[in-house]
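Examining the three-dimensional arrangement
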Amino acid sequence: MMSRHQDPSAAVAAFGYEMGVLKRIRRSGWWQAGVRDPESVAEHSLRVAQLAALLAAEENGDPERAAYLALWHDSQETRTGDLPHSARPYLAKPDPRAITADQTAELPEAAKSSVRAAVEEYEARETLEARCAKDADKLEMLLQAVEYRSVGVQHVDRWIASARKDLHTATARRVAEAALRMSPLSWHDR
């Protein structure tokens, strides 16, 4: 019988199972804000990818590339979990590139190269698409904080402030300001 080390299809399946762990990992910082059942990393990543595409389109970038970078931005958390900001003084930040290299080691060459290049580009923040993906990560956190606040979670202001200060594109800054002026439930009243 062929092991997954020799079977590219089995390697992709194994990687797919690992990525499925993101559906069960909760965004841990929200527990500190009092959220009982915070969003999963996968739920966060979906909206980050959607927002990244929109930001890139508005900034005259490549929406598909920005969304692809955003899809992989937290994939390393299958190995580390979601580390809250309060852990930073005690832990060195894990290197996403090194984790991705380990995660993708058995993938077929094209898949391996694609994921590694996406993580490298996202982490380097040198392209417009990478900056849009990073802004989307922060913007998604801001939207989630406003949504949690709208259902009674009181301690989200520091997440909102952190997201606002780290936005780099003009489009992301405008979207953040608009989001703060409206109710999360008013999207259907437009």
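These lines cover the structure that appears in this document, whether it is placed above or below.

The rules behind each value
Residues numbered from 1 in each chain as written. Predicted model: local features only at pLDDT ≥ 70, side-chain atom pairs only at ≥ 80, totals over all residues. Heavy atoms only, no water. Helix = DSSP H or I, 4+ residues; strand = E, 2+ residues; numbered from the N terminus. Rg over C-alpha atoms; globule rule 2.2 N^0.38 Å. Buried < 20%, exposed > 50% of the residue type's maximum accessible area, 1.4 Å probe, protein only. Contact = heavy atoms within 4.5 Å. Areas by Shrake-Rupley, 256 points an atom, 1.4 Å probe, with all protein chains shown as cover. Lys, Arg positive; Asp, Glu negative; His and termini not counted. Charge placed at Lys NZ, Arg CZ, Asp CG, Glu CD.

Remarks on the overall build of the chain
A tally of regular secondary structure across the chain gives ten helices and zero strands. Mapped from its N terminus to its C terminus, the chain presents α and β elements in the order α-α-α-α-α-α-α-α-α-α. On C-alpha atoms alone, the chain measures out to a radius of gyration of 17 Å, which is about the 16 Å that the 2.2 N^0.38 rule sets for 190 residues. C-alpha atoms of the chain, sized along the principal axes, occupy 60 × 40 × 35 Å. The buried share of the chain, reckoned over its 190 residues, is 43%. In the chain, the proportion of contacts linking residues at least 24 apart, taken out of those at least 6 apart, comes to 64%. Total accessible area on the chain stands at roughly 10,600 Å², and carbon and sulfur atoms take up 55% of it. Here the chain contributes 26 positively and 29 negatively charged side chains, and the mean placements of these two sets differ by 4 Å.

Remarks on unusual backbone geometry
Where the residue is not glycine, phi is negative for most of them; where a peptide bond is considered, it is trans in most cases. With a phi close to 65°, Asn60 is a non-glycine residue in the positive phi region. Looking at the secondary structure, you find Asn60 in the loop between helix H3 (41–58) and helix H4 (63–72). Positive phi, normally seen in glycine, also occurs at Arg125, with a value near 55°. Here Arg125 shows up in the loop between helix H7 (109–124) and helix H8 (128–150). On the accessibility criterion, Arg125 (25% relative accessible area) is partly exposed.

In short, geometric facts, not functional conclusions.
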